[in-house]
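A closer look at the structure
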Amino acid sequence: MPWRVFFHSEETGVKLTLNGEAYEANEVESVTALLEEMGIGGRPVVVVLNDDVIPASRRSTCGLREGDHVELFRLVGGG
Amino acid sequence: MERQGKGRDEWIVGGHRFSSRLLLGTGKFQDAETMVGAVRASRTQIVTVALRRVGRNPREDDMLGPLGELKGITLMPNTSGARNASEAVRAARLGRELCGSPFVKVEIHPDPHHLMPDPIETFEAAKILAAEGFAVMPYMPADPVLARRLEDVGCASLMPLGSAIGSGCGLATAGMLRLILRDARIPVIVDAGLRSPSEAAAALEMGCDAVLVNSAVAASGDPIAMAAAFAQAVGAGRDAYCAGLMPRGSGAASPTSPLTGFLSVEGS
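Attention here is on the structure that accompanies the text. (Residues numbered from 1 in each chain as written. Chains lettered and ligands numbered in written order. Predicted model: local features only at pLDDT ≥ 70, side-chain atom pairs only at ≥ 80, totals over all residues. Heavy atoms only, no water.)

1. Looking at the overall build of chain B
The helix and strand inventory of chain B stands at eight helices and ten strands. The principal-axis extent of the C-alpha atoms belonging to chain B is close to 90 × 40 × 35 Å. Restricting to contacts in chain B with at least 6 residues of sequence separation, those with at least 24 account for 66%. Total accessible area on chain B is roughly 12900 Å²; 52% of this is exposed by carbon and sulfur atoms. Put simply, chain B has 27 plus and 28 minus side-chain charges, and the middle of one group is 3 Å from the middle of the other. (Helix = DSSP H or I, 4+ residues; strand = E, 2+ residues; numbered from the N terminus. Contact = heavy atoms within 4.5 Å. Areas by Shrake-Rupley, 256 points an atom, 1.4 Å probe, with all protein chains shown as cover. Lys, Arg positive; Asp, Glu negative; His and termini not counted. Charge placed at Lys NZ, Arg CZ, Asp CG, Glu CD.)

Now the structure itself:
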């Protein structure tokens, strides 16, 4: 039944650990989609998935699964 | 052995040529516009940046975005926040991913009270990263023994502190810096503690290849004007070093004008 699929995708996201905190993601078909969901698509960030760096070239094909640990880093001012 | 980059205008670090002898940190600036203005006014070619986790509000302004528009700037990520060698190595690898630069400023200072670099962890991280092909620029105590050890494991430069980070206490380590300079075969960059352009000039006059400043510019009354002042100071200091300072006297005067009287007739 289509409505069940709809209900599932809206109410129960995929449980990730994002920068050490619980995060329920709706967009998990790729790292790129997750970054878009977070509002940082196109921003310069480095993505670490389960301790492996995901190069920018692989973000659009690398999907996410329940329980994945995702870390995102960016550059800030520093001396 | 002569260090690289002895020429008046150019110096070489990690196989890359630079003409500016001023490295600038990007922390503590009140806004991105001031920071970019200071980077331009400083005429620097190497700026340091830090790496942090994306926060709860990931849409927050990207302070460093405008840096990308500047031509001829090499980004050097630091490992600030790392408390030991393995954290610094991880930070360096992530920084390289983001900056695409071979340079890394290894800084490991576990105690927030004095921010003194941990020499043992710094050495361990430098050894690993140099073997991985990084151009390692270690923030280090002004210690000639450690300097030699860091050079031997393949660091691209030495970055001894002038005084504590952000302290503005100047070249408190001048005597130790001279010992490092005497033997170093890689560039020596005074990193941390400088407050005034005259201190930067003094470091260059002493024979240091460059200085790295951040607070001295960012926390000054007018960061853009101060960045320009530092640019002039490092140029003056380098020119003075190349020219060679006059010998230091004993304290007794040595006249610059003839001492013979001009009103009285000589010999009368």
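2. Describing the layout of surface pockets
The gaps of empty space that remain are located by a probe, the size of a water molecule, rolled over the atoms. Empty space within the largest pocket amounts to approximately 360 Å³. Along the walls of the largest pocket sit 27 residues, with Gly78(A), Gly79(A), Ile165(B), Asn214(B) and Ser215(B) positioned nearest its centre. Elements with a contribution of two residues or more to the lining of the largest pocket: strand E5 (69-77) of chain A together with strand E4 (46-53), strand E10 (210-213) and helix H7 (215-218) of chain B. Each residue belonging to the lining of the largest pocket can be placed in one class, and the counts come to nine nonpolar, 13 polar and five charged. (1 Å grid on protein atoms, 1.4 Å probe; cavity = no way out; pocket = protein on both sides within 12 Å on 5 of 7 lines; lining within 4 Å. Points joined across faces, edges and corners; volume = space filled by probe spheres on them. Nonpolar A, V, L, I, M, F, W, Y, C, P; charged D, E, K, R; others polar.)

3. Re the packing of helix H4 (residues 144-152) of chain B against helix H5 (residues 174-183) of chain B
Residues and elements named next belong to chain B. Packing of H4 against H5 brings their axes to within 9 Å, and their N-to-C directions diverge by 35°. Relative to H5, the crossing made by H4 is right-handed. Mapping the contact onto sequence places Pro144, Ala147 and Arg148 in H4 and Met176, Leu179, Ile180 and Asp183 in H5. Residue composition of the contact of H4 with H5, by class: five nonpolar, no polar and two charged. (Axes fitted to C-alpha atoms, helices over the stretch in contact; angles between N-to-C directions. Left-handed = near helix turned anticlockwise from the far one by under 90°.)

4. Regarding the nonpolar core
Counting 66 residues, the largest nonpolar core has Val136(B), Leu158(B), Val211(B) and Val213(B) as its most contacted members. With seven residues, helix H2 (residues 85-99) of chain B is the single largest residue contributor to this core. Residues within four places of Val213(B) in sequence aside, it is in contact with Leu22(B), Leu23(B), Leu24(B), Gly25(B), Leu194(B) and Phe230(B). Listed in part, the 19 residues of the second largest apolar core include Leu18(A), Leu34(A), Ile40(A) and Leu72(A). (Core = buried A, V, L, I, M, F, W, Y, C linked by side-chain atoms within 4.5 Å. Buried < 20%, exposed > 50% of the residue type's maximum accessible area, 1.4 Å probe, protein only.)

5. Details of helix H3 (residues 119-131) of chain B
Residues that lie three or four places apart on an α-helix share one face, since the helix turns once every 3.6 residues. All names here are of chain B. With 13 residues, H3 ought to run about 18 Å at 1.5 Å a step, and its terminal C-alpha atoms sit 18 Å apart, in line with that. Those residues of H3 not exposed but buried are Thr122, Phe123, Ala125, Ala126, Leu129 and Ala130. For H3, the elements touching its buried residues are H2, strand E6 (103-106), strand E7 (135-140) and H4. At the N-terminal boundary of H3, the capping side chain belongs to Asp118, with an oxygen 3.0 Å from the backbone nitrogen of Ile120. Backbone geometry just after H3 places Gly133 at a positive phi near 95°. (Expected span 1.5 Å × (residues − 1). Polar contact = N/O pair within 3.5 Å; in protein donor to acceptor, adjacent residues only side chain to side chain.)

6. Side note on the interface of chain B and chain A
Facing 27 residues of chain B, the contacting portion of chain A comprises 24 residues. Counting each side, the surface lost to burial between chain B and chain A is near 2300 Å², with a carbon and sulfur contribution of 56%. Contact with chain A buries surface across chain B, with Arg53(B), Val54(B) and Leu98(B) losing the most and accounting together for 28% of the total. Where chain B touches chain A, the interface holds two salt bridges. Linking chain B to chain A there are eleven residue pairs in polar contact (both at pLDDT 80 or more). Listing elements by their share of the side of chain B that touches chain A, those giving two or more residues are E4 and H2 of chain B. Along the lines of polarity and charge, the residues of the side of chain B that touches chain A split into ten nonpolar, six polar and eleven charged. (Buried area = accessible area lost by both parts, 1.4 Å probe. Salt bridge = Lys/Arg side-chain N within 4 Å of Asp/Glu carboxyl O.)

7. So, the packing of aromatic side chains
Residue and element names in this part refer to chain B. For the structure on display, the rule yields two aromatic pairs over all chains. A centroid spacing of 6.0 Å and a plane angle of 45° characterise the contact between Trp11 and Phe18, whose relative ring orientation is tilted. An identical accessibility class is assigned to Trp11 and Phe18; each is buried. These aromatic residues form a ring-pair network of at least three members: Trp11, Phe18 and Phe103. (Phe/Tyr/Trp six-rings, centres within 6.5 Å; stacked < 30°, edge-to-face > 60°.)

8. Thoughts on helix H8 (residues 223-243) of chain B
All names here are of chain B. Across its 21 residues, H8 extends 30 Å between first and last C-alpha, which sits within 8% of the 30 Å expected from 1.5 Å per residue. All of the buried residues along H8 are Pro223, Ala227, Phe230, Ala231, Ala233, Val234, Gly237 and Arg238. Seen from one end, H8 has its buried residues packed into an arc of 165°, which puts them on one side. Turned more than 90 degrees away from the buried face of H8 sit Gln232 and Ala243, all of them exposed. One or two steps after H8, the chain reaches Gly244, where phi turns positive at roughly 90°. (Arc of directions from axis to C-beta.)

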